[in-house]
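# Structural characterization, general
Here's the letter readout for the chains.
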Amino acid sequence: DRSMTLKLNGSSSGYTAIDAPAAAGSNTLVLPTTNGTAGQVLQTDGSGNLSWVTLPTYNDVIDTWRLNALNTGDQDPITANWEREDDQASSLYGSGVSESSGVFTFPKSGYYLITFHHQFNISGNERYAETYIVSSTNGSNWNNAARGGSNITQVDGANTMGSCHIDWVFDVQDTNHAVRFAVYYSNNSVTTHGNTDMNTTYVSFLRLRDT
């Protein structure tokens, strides 16, 4: 026996060659019946049948929203003063999420990493702040999905700043899935920071992979 090379000659010059491995075994590969579409790759079913498939897309939705003004007191959810990050550091990539009255919905299904950074100002003897990511799979029933907290050393009459930072991965399966964000304080005079020129209290969304 001797090894053989299959050569396909070009119409004007050159050729394309296909060689079997030295220890080839006994394999048959069945090509698909069409050319597929641009960007697709060949995939085997493990039995030698090849087909064209589209590779999954990752990190194709990246979006950040922030509060552009101060809010005061407990808010569940935070409904006012949201804006998409719009300065030179804007993180928007892809379609982005949508926001209405503090409810955020998603442009497509997938696993999303959701980050909530909450900055606040405590004046006087208030002692703690809590931060929540709240989720829904039907747009009406809401459940706390992630929680963060910060305990502030009591300093009477002095202004003290603090922050909470929480993350959560949400398996978004359809357009009914949504999130909103909430904050609670030990005293309802505590201020949640917001700024239209930089991110102080903000949320970010990163689509990790298909669901």
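Let us look at the structure shown here. In this text the structure is predicted, and so the values were computed from the model without any measurement.

Broken down by element type, the chain carries zero helices and 16 strands. In terms of C-alpha radius of gyration, the chain reaches 27 Å, well past the compact-globule figure of 17 Å for 211 residues. Taking all 211 residues of the chain together, the buried fraction comes to 34%. Sequence-distant contacts, at least 24 apart, represent 67% of the contacts inside the chain between residues at least 6 apart. Total accessible area on the chain stands at roughly 12,400 Å², and carbon and sulfur atoms take up 46% of it. For the chain, the centre of its 10 positive side-chain charges and the centre of its 20 negative side-chain charges are spaced 9 Å apart.

With an omega of 5°, the peptide bond running from Asp76 to Pro77 counts as cis. With respect to the helices and strands, Pro77 occurs in the loop between strand 6 (71-72) and strand 7 (82-84). Non-glycine residue Asn59 carries a positive phi angle of around 55°. Assignment of secondary structure puts Asn59 in the loop between strand 4 (50-53) and strand 5 (62-67). Judged by relative accessible area, which is 36%, Asn59 ranks as partly exposed. Positioned with a positive phi, Asn81 is a non-glycine residue whose angle comes to about 70°. Within the secondary structure layout, Asn81 lies in the loop between strand 6 and strand 7.

To continue, consider the environment of Val183. Within the secondary structure, Val183 is located in strand 14 (residues 178-185). The sequence separation of Val183 and Asn195 amounts to 12 residues, and the corresponding C-alpha distance is 17 Å. Beyond its immediate stretch of four places on either side in the chain, Val183 contacts Gly73, Asp74, Gln75, Ile78, Phe116, His118, Glu130 and Thr192.

Scoring rules and cut-offs
Residues numbered from 1 in each chain as written. Predicted model: local features only at pLDDT ≥ 70, side-chain atom pairs only at ≥ 80, totals over all residues. Heavy atoms only, no water. Helix = DSSP H or I, 4+ residues; strand = E, 2+ residues; numbered from the N terminus. Rg over C-alpha atoms; globule rule 2.2 N^0.38 Å. Buried < 20%, exposed > 50% of the residue type's maximum accessible area, 1.4 Å probe, protein only. Contact = heavy atoms within 4.5 Å. Areas by Shrake-Rupley, 256 points an atom, 1.4 Å probe, with all protein chains shown as cover. Lys, Arg positive; Asp, Glu negative; His and termini not counted. Charge placed at Lys NZ, Arg CZ, Asp CG, Glu CD.

That's the geometry; what it means functionally is another story.
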